[in-house]
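Remarks on the overall topology
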Amino acid sequence: MYRWISLDNWTYSRTFKTPFDIRKWQKVNLVFEGVDTVAQILINNITLGRTDNMFNRYSFDITSMIKEVNFVEVRFLSAVSYAAEQSRCHKAYSIPPACPPPVQKGECHANFIRKEQCSFSWDWGPSFPTQGIWKDVRIEAYNHYHLIYFSLTSFFVKSAQQWSLEIESIFDVVSSKPIAGVVTVNIPKLQTQQTFGVKLQPGEGSIVLLVNINKSSAVEAWWPNGHGKQTGYNMTTTFIMEAGYQIEKFSKAYFRTVELVQEPIPGSPGLSFYFKINGRPIFIKGSNWIPADSFQDRVTYDTLWLLLKSAADANMNALRVWGGGVYEQDEFYNICDEIGIMRIVFQVRRLKSHPSIILWSGNNENEAAIASNWFSIPYADREVYIKDYVLLYVKNIREIVLTEDKSRPFIASSPTNGLESVKEGWLSQNPYDTHYGDTHFYDYSNDCWNWTVYPKTRFASEYGFQSWPSFSTIEKVSSTEDWSYTSNFSLHRQHHENGNDQMLQQIGRHFKLPQSTDPIKKFKDMIYLTQVMQAQCIKTETEFYRFSQSEIIKGEGHTMGALYWQLNDIWQAPSWASLEYGGKWKLLHYFAQNFFAPLLPVAYEDKDVLYIYGVSDLHADRKLTLRVVVHAWSSLEPVCTLAKDGVTVKAQSAVLIYMESINNLLERCRNCTRKSCVITFCLVGEGGLQSPTNHHFLSSLKDAVGLEKTHLSVSISHAELLYLGFLILLFCLPCYAVSNST
């Protein structure tokens, strides 16, 4: 109904009085931090320039045009029309995909405009191609010189065993002659103060200062969530120039190193692919970030804090910022710095000061798209696209990134084979090769409880399953007639081909489908089961990646990262997210809090033998007790319990700590069968150290025997919420297999 808005052209205008005496200033700029997207900028009916990139900062010199009273206009052209026209003008060869799949109800030719790609639609989001002023607009007036950019990057100099900071400042010098002066950098807590003599040349230019941190000061490094503190140091940089004009810049200095390790692994072809932070290998645990809203002005600090804190609370230490959205606002990166969430993002100059950024990636899935020929390009035409790919991502973007920032690694694409892709001319034959780099993996047709279908990859940077958001979330944007799994509303909001059917198919493998005669209750029950299915599927896959980190089997393994798709939602609809639009946790997010726990026992079956691994992110080996408890579905009392003492779980690794045939286990626990019992297990150590209690199902829950309708009365206080969540998981979810339980 509102599609017409994106097809029209819109003009924003206003009259304003200049709040200063324009005669006192040598230079006056009109600065737009973000214009979305194609526009003509005018002041007092004089065209200042045009914009065609949502992600650029635009600054216009209005010194000779500004008056006491001014009229400013931003005349926008429809992004949809502009993209279509750009496509029509490009006649040499086609640029696929021309349009999104029909199920996405989207607009065409998004790849012809530098705009948030998902605003034209995606398989988890709507088509709302916005146009407007999406970031701050301001007037800057200055004399002599002006600080435009300021960034700092930390390095550890091994030869000197000393931390240093590289401080880069970019100035606009109005004076026709060079301006000399001094710069003082002061970090009080590190007893570090250095003064530098500098000279600024006319025009725009940069100065780079190297500050050596006092060796007698103990520097606390910045660590990712779960591995240490996110220590930052207050720093003041003062510029005092001969013109008498002083600039004081307050910032935070963080100290950390990052290394992407790609080296041979004994017993395996290919190369490793893992990150060292401050010299320590880190298993990357987390998810993928998409824009938090279709309308960026709605994304407040509180919105970002809620979502990012939820990621940290679920024991995540990293987010992969997806490439089809936006370069997030400064508050996003500041929060990540504070809570230790590492990011994989772009836009170098603005962002390189943030310690939480550990990798630059040139694109999302473009290497795979060409290598796997997603868009059916004739083989004879392939070279044209390969040439464009290398020109854009390697010869342009890569060179710019590595020139601007030498403190962190760069990969041309994700997924990629890393150094092997470089060796093959930046486009590998198979970017999904499990022996190199990172991989994306989606499989909706096979049984998600079957761990053998998952790739034993070096690094899993995308994988996932869909679910519906809670009824309370959907209710806000729907009417009674919409509350059916097959309603027009349910079909319209589903932007993934056959997505609703795929969820039903996966649910049907292990659960009985809702049979209520009340259509609204049936819809609510179905929503609930999609979340149960999603949580158990992603739990199974994530735990597979975690227990694969320390072993090589048939040349595969040494998995050092698990980032499921996706963390958050852009609207109220079925998607792969674990956080609903508005921040409510799905069941998956509660599961993630456990399957990403720093200490976790993980079980799987192979040929009727139960294997339990001890998975640890802890920095020291631990002697622990493994408790294995078998429950019958018909009782809360355990059927039998095994306590295995003296189990050694090695630091930052996954080791086998228990194995037993299922038949032996069931014989030991009398009156138990696969259908009547369930296994739970946990690790316990000294000083209150305890893992979450994990579970292993011996049969599909639809085949479970002994389940009864639950009769629970519950009182909730804040401190009890997590424990209650586990009780519901363990004893209520399976009940749905035979009854409409509470």
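Residues numbered from 1 in each chain as written. Predicted model: local features only at pLDDT ≥ 70, side-chain atom pairs only at ≥ 80, totals over all residues. Heavy atoms only, no water.

What to know about the UniProt feature "domain: Mannosidase Ig/CBM-like" (unreviewed entry) in the chain
Convention followed: UniProt positions are given in the numbering used here, feature names are shortened, and annotations may be inferred rather than shown by experiment. A helix here means a DSSP run of H or I that spans at least four residues, while a strand means a run of E at least two residues long, and both kinds are numbered starting from the N terminus.
As recorded in UniProt, the feature "domain: Mannosidase Ig/CBM-like" (unreviewed entry) lies at residues 610-703. Overall, residues 610-703 shows 7% helix and 54% strand. The separation of its end C-alpha atoms is 20 Å.

Description of the packing of helix H3 (residues 301-313) against helix H4 (residues 330-339)
Quick reminder of the rule: Inter-axis angles, ranging from 0 to 180 degrees, are taken between N-to-C directions of lines fitted to C-alpha atoms, where helices are fitted over the stretch in contact. Put simply, a crossing is left-handed when the front helix is turned counterclockwise from the back one by less than a right angle, and right-handed when it is turned clockwise. The contact criterion used throughout is that any non-hydrogen atoms of two residues lie within 4.5 Å. Polarity classes work like this: nonpolar for Ala, Val, Leu, Ile, Met, Phe, Trp, Tyr, Cys and Pro, charged for Asp, Glu, Lys and Arg, and polar for all others, with Gly in that last group.
As a packed pair, H3 and H4 sit with axes 10 Å apart at the nearest point and diverge in direction by 35°. Once H3 is placed against H4, the crossing between them reads as right-handed. On H4, the residues touching Tyr301, Leu304, Trp305, Leu308, Lys309 and Ala312 of H3 are Glu331, Phe332, Ile335, Cys336, Glu338 and Ile339. Its residues assigned to classes, the contact of H3 with H4 shows nine nonpolar, no polar and three charged.

With respect to helix H7 (residues 382-404)
The α-helix advances 3.6 residues per turn, and as a result positions three or four apart in sequence lie on the same side. In plain terms, the rule: One less than the residue count of a helix, multiplied by 1.5 Å, gives the span that helix is expected to have. Values of bend correspond, residue by residue, to the angle between axes fitted over the seven residues ending at that residue and the seven starting there. In this scheme, a residue with accessible area under 20% of its type's maximum is buried, one over 50% is exposed, and one in between is partly exposed, where area comes from a 1.4 Å probe on protein chains only.
Here H7 spans 31 Å end to end across 23 residues, near enough to the 33 Å set by a 1.5 Å rise per residue. Taking the largest bend as the criterion, H7 deviates by roughly 30°, centred on Ile397. Restricting attention to buried positions, one finds in H7 the residues Tyr385, Ile386, Tyr389, Val390, Tyr393, Val394, Ile397 and Val401. Buried positions along H7 lie against helix H5 (348-351), strand S23 (357-361), helix H6 (366-371) and strand S24 (410-411).

Focus on the side chain of Ser653
As a reminder of what qualifies: Contacts described as polar in this section are N or O atom pairs within 3.5 Å, which, within protein, must combine one atom able to donate a hydrogen with one able to accept it, while residues neighboring in sequence count only if both atoms come from side chains.
Within the element layout of this structure, Ser653 appears in strand S34 (residues 653-661). On the basis of relative accessible area, Ser653 is assigned to the buried category, the value being 8%. Among the polar contacts made by the side chain of Ser653, one reaches the main-chain carbonyl oxygen of Lys650 at a distance of 2.9 Å. In contact with Ser653, other than residues within four places in its own chain, are Gln549, Ser550, Gly614, Val615 and Ser616.

Here we look at the packing of helix H11 (residues 499-510) against helix H12 (residues 519-547)
What counts is decided by this rule: Roughly parallel here means an angle under 35 degrees, roughly antiparallel means over 145, roughly perpendicular means 65 to 115, and every remaining angle is called oblique.
Where H11 contacts H12, the two axes come as close as 10 Å, and the packing angle between them is 75°. One way to sum up the angle between H11 and H12 is to call them roughly perpendicular. Across from Met503, Leu504, Gln506 and Ile507 in H11, the residues of H12 making contact are Met526, Leu529, Thr530, Met533 and Cys537. Partitioned by chemical class, the residues of the contact of H11 with H12 number seven nonpolar, two polar and no charged.

Focus on the environment of Val390
Checked against the element boundaries, Val390 lands in helix H7. According to the relative accessible area criterion, Val390 is buried, its value standing at 15%. Separated by 339 residues in the primary sequence, Val390 and Thr51 have C-alpha atoms spaced 26 Å apart. In contact with Val390, not counting residues within four places along its chain, are Lys395, Gly425 and Trp426.

A closer look at the packing of aromatic side chains
Stated formally: In this analysis, rings of Phe, Tyr and Trp, with Trp reduced to its six-membered ring, are considered paired at centre separations within 6.5 Å, and the interplanar angle assigns stacked below 30 degrees, edge-to-face beyond 60, and tilted for intermediate values. Two conditions define a charge sitting above a ring: the NZ of Lys or the CZ of Arg must be within 6 Å of the ring centre, and it must be within 35 degrees of the ring normal.
A full pass over the atoms with the stated rule returns 49 aromatic pairs. Taking the centre distance of 5.5 Å and the plane angle of 20° together, the rings of Phe128 and Phe295 count as stacked. In this pair, Phe128 sits in the loop between helix H2 (79-89) and strand S8 (132-133) while Phe295 sits in the loop between strand S20 (284-289) and H3, placing the two residues 167 residues apart along the sequence. Residue Phe295 is classed as partly exposed on the basis of its relative accessible area of 29%. Here the aromatic rings of Tyr564 and Phe595 are separated by 6.4 Å at their centres, their planes lie at 80°, and the arrangement is edge-to-face. On the criterion of sequence distance, the pair formed by Tyr564 in strand S29 (residues 561-564) and Phe595 in helix H13 (residues 587-595) is long-range, its members being 31 residues apart. Each member of the pair, Tyr564 together with Phe595, is buried. Each residue in the set Phe441, Trp451, Tyr454, Tyr463, Phe544, Tyr545, Phe547, Tyr604, Tyr611 and Tyr613 is aromatic and connected to the rest through ring pairs, giving one cluster. A cation sits over an aromatic face here: Arg349 above Tyr149, 5.2 Å from the ring centre. We note Lys524 situated over the ring of Phe471; from NZ or CZ to the ring centre the distance is 4.6 Å.

Things to note about the sheet that holds strand S2 (residues 27-32)
Using the following cut-off: Criterion used throughout: strands pair if DSSP finds at least two bridges between them.
Read across the sheet, three strands follow the order S6-S2-S9 without closing on themselves; strand pairing throughout is antiparallel. The sheet terminates laterally at strand S6 (58-61) and strand S9 (137-142), the two strands that pair on one side only. This sheet shows a mean twist of 25° between the axes of neighbouring strands, independent of strand direction. For S2 and S6, the ladder comprises four bridges, and the chain directions are antiparallel. Along S6, the bridge assignment pairs Phe32 with Tyr58.

Section: the pattern of salt bridges
Selection rule: Basic side-chain nitrogens of Lys or Arg form a salt bridge, by our definition, when they fall within 4 Å of a carboxyl oxygen of Asp or Glu.
Counted by the stated rule, this structure contains 26 salt bridges. Residue Arg23 pairs with Asp21 through a salt bridge whose shortest N-O separation is 3.0 Å. Judged by its relative accessible area of 74%, Arg23 is exposed. Residue Lys352 pairs with Glu404 through a salt bridge whose shortest N-O separation is 4.0 Å. Taken together, the positions of Lys352 in the loop between H5 and S23 and Glu404 in helix H7 put the pair 52 residues apart, joining distant regions of the chain. Judged by relative accessible area, Lys352 falls into the buried class, the value being 2%. Sharing partners across several salt bridges, the network here consists of Glu33, Arg57, Arg138 and Glu140.

Concerning the sheet that holds strand S30 (residues 599-606)
Taken in spatial order, the three strands make up an open sheet running S30-S31-S34, and their pairing is antiparallel. Single-partner strands in this sheet number two, and they are S30 and S34. In this sheet, adjacent strand axes meet at a mean angle of 25° when their direction is disregarded. When strand S31 (residues 609-616) meets S34, the two strands line up antiparallel, connected through eight bridges. Residue pairing across strands places Gly614 opposite Val655, the latter belonging to S34. With respect to the sheet, H12 is in contact with S30, S31 and S34, its orientation differing from that of S30 by roughly 105°.

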